[in-house]
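Coordinate analysis (summary)
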Amino acid sequence: MFTIMPDTLRYILASESALTSITVRGWVRTRRDSKACSFIEVTDGSCFKGLQIVVDASLPCSSLMPSILTGASIEVDGDLIASPAAGQKWELQAKDVRLLGEADATYPLQKKGHTPEFLRTIAHLRPRTNLFSNVFRVRSRMSFAIHRFFQEKGFFNVHTPVITSSDCEGAGELFRVTTLKQGSNAKPEDDFFGRPTYLTVSGQLQGETFACALGNIYTFGPTFRAENSNTARHAAEFWMIEPEMAFYDLDADMTLAEENVRYLASAMIQECPEELEFFSKFVDKNLLSRLQQTIDQPFQRISYTDAVDLLLKSGRTFEHAVVWGEGLQTEHERYIAEEHVKGPVTIFNYPKGIKPFYMRQNDDGKTVAAMDLLVPGIGEIIGGSQREERLDVLTAAMQHHGLSEADYQWYVDLRRYGSVPHAGYGMGFERLLMFVTGVSNIRDVIPFARTPGHAPY
RNA sequence: UCCUGAGUAGCUCAGCGGUAGAGCGGGUGGCUGUUAACCACUAGGUCGUAGGUUCGAACCCUACCUCAGGAGCCA
């Protein structure tokens, strides 16, 4: 049907001059009729803006107008001319309009605002809305920016497995992967892989093996947690970026994490200006200033011990008591990021009792070289650590956590053969997207959200 | 999983013991280089589900389901 690749609206709307005899394809947003002509607003997804098409009532194709309802797909031949009316620079003076696919009155997306909750129930159609087309264009560009950030620094992208038999301890509940029939009493040895396997909760452990070979690596892929978490910030399937760097200590790790967040805030401003304008106007009025502040101001770093002190001295009464040795609660993190620092902040050197076995023990004997990067409004966006590279300390920690060395033999081998200091972190891609778009629910920044009890597509 | 709140027309909501309502969207007619156009008319509902209280329940009670906000777990 199409002999040439059609020009997108992104290209056409950026035109410096009028264009004759072009063809446009897209989906109808609205149609308004007047006596002499009809106005059709069309979008094709290539950019936020749509194109106004003017169909003269004298054209034969004007008889199609009653069937050109919101949601229909059309193809239009015409000339791109300067619009005589306010509201748009260009418009397409139609010569012929063809209806490609009609949409009747049952089309759920009307010419009016819809709630994100309703749009979640029609996840197959919501990318056609202003909000979601903007979100998913940003998602694509941020994904590319992440690869660019690491590739420009010479990092290698490693594809760690999705199916794994190792539990990255501390990361949460796992989804079991099996070919055994429900209710069968077959043993794990009879299963497809001859052992229990799961969907990965983190590529970190495998990432470490590649860092200890290629130097600096990163993973970027789907991650699965079977936690019964029902919040705006958790999904059972999400995408995570996990860099792992040989010869990095915690300080270098934190520096990279900060640079990473700053780079992506900058990419948002530079590469998604139309989308940013939309989000700043309709989603989060403070978005632009928050991104600008992220770029301009140095990130603060506060040790866990100092964080506990400042919380105790804040004069605030918190719902959960502030106790050294226990995790910081959401209200504590929010106070630090949103009221004390008023910007991104990294908390480091957490008590070892609340952190997993692989984090490097500090000389004080009480803390480990762990860090969390918190941003206002979202909380933890990055969590990382320097890894324990000393064989004896690692095996002792494993014993203390009740883990069998045999299960982690390959991981321990990294400390047995040419061990080096190394560090890494995990950044939640969806949380990053929430940060750069202002969208407040994780279900609205991932194409098809998987949350407890919900996987309809 | 816990706490709180909400489920009424395709969508957004009002009604809160006595005949089921509005705006948007759809249809019909009118007007207009219109901008989520405007004006008039019109069609459209087992009031989340199941029980209960009552002469009478969308409204009160109980259970369940779903969704949202907050909490925990974390990215």
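From a predicted model like this one, the values you see are computed outputs, not experimental measurements.

A look at the side chain of S73
Secondary-structure assignment places S73 in strand β4 (residues 73–82). The class of S73 is buried, set by a relative accessible area of 15%. Excluding residues that lie within four positions of it along the chain, S73 makes contacts with G26, W27, R98, L99, L100 and G101.

Regarding the domain arrangement of chain A
Examined at the domain level, chain A breaks down into domain 1 (9–101) and domain 2 (126–444). Each of domain 1 and domain 2 was reduced to a C-alpha centroid, and the two centroids are 46 Å apart. A buried area of about 760 Å², summed over both sides, lies between domain 1 and domain 2, and 38% of it is on carbon and sulfur atoms. At the junction of domain 1 and domain 2, the tally comes to one salt bridge. With its nearest N and O atoms 3.3 Å apart, the salt bridge here joins E274 to K49. Run the count over domain 1 and domain 2 and you get five residue pairs in polar contact (both at pLDDT 80 or more). Grouping the constituent residues of the side of domain 1 that touches domain 2 by class yields three nonpolar, three polar and three charged.

Focus on the sheet that holds strand β7 (residues 163–164)
In spatial order, the strands read β7-β9-β8; together these three strands make up an open sheet with antiparallel pairing. Two strands bound the open sheet, and with one partner strand each, they are β7 and β8 (176–177). Note that β8 and strand β9 (residues 197–199) share two bridges and pair antiparallel. Within β9, the position partnered with V177 by the bridge is T197.

Considering unusual backbone geometry
Unusually for a residue other than glycine, S21 sits at a positive phi of about 50°. Within the fold, S21 resides in strand β1 (residues 19–33). On the basis of relative accessible area, S21 is assigned to the exposed category, the value being 55%. Phi angles above zero are rare outside glycine, and N349 is one such case at about 60°. On the secondary structure map, N349 appears in strand β13 (residues 345–351).

Quick notes on the pattern of salt bridges
Summed over the entire model, instances satisfying the criterion amount to 27 salt bridges. For E75, the salt bridge identified is with R25, shortest N-O distance 2.8 Å. Taken as a pair, E75 in strand β4 and R25 in strand β1 lie far apart in primary sequence, 50 residues in all. Comparing E75 with R25 shows no difference in burial state: the two are buried. Residues joined by salt bridges that share partners form a network here, namely R25, E75, D77, D96 and R98.

Things to note about the packing of helix α4 (residues 204–214) against helix α11 (residues 409–416)
The contact between α4 and α11 brings their axes to 10 Å, and the two run at 30°. If you check the angle between α4 and α11, you find them roughly parallel. Along this stretch, α4 crosses α11, giving a crossing that reads as left-handed. For the pair α4 and α11, contact is made by Q204, L205, Q206, E208, T209 and C212 and by W410, Y411, L414 and R415, respectively. Of the residues that constitute the contact of α4 with α11, the class distribution is five nonpolar, three polar and two charged.

Considering the environment of F357
Here F357 is to be found in the loop between β13 and β14 (367–375). On the basis of relative accessibility, which here comes to 1%, the residue F357 falls in the buried class. Considering only alpha carbons, one finds F357 and Y417, 60 residues apart in sequence, at a separation of 19 Å.

Cut-offs applied
Residues numbered from 1 in each chain as written. Chains lettered and ligands numbered in written order. Predicted model: local features only at pLDDT ≥ 70, side-chain atom pairs only at ≥ 80, totals over all residues. Heavy atoms only, no water. Helix = DSSP H or I, 4+ residues; strand = E, 2+ residues; numbered from the N terminus. Buried < 20%, exposed > 50% of the residue type's maximum accessible area, 1.4 Å probe, protein only. Contact = heavy atoms within 4.5 Å. Domains from an automatic or database assignment. Buried area = accessible area lost by both parts, 1.4 Å probe. Salt bridge = Lys/Arg side-chain N within 4 Å of Asp/Glu carboxyl O. Polar contact = N/O pair within 3.5 Å; in protein donor to acceptor, adjacent residues only side chain to side chain. Nonpolar A, V, L, I, M, F, W, Y, C, P; charged D, E, K, R; others polar. Pairing = 2+ DSSP bridges. Axes fitted to C-alpha atoms, helices over the stretch in contact; angles between N-to-C directions. Parallel < 35°, antiparallel > 145°, perpendicular 65-115°, else oblique. Left-handed = near helix turned anticlockwise from the far one by under 90°.

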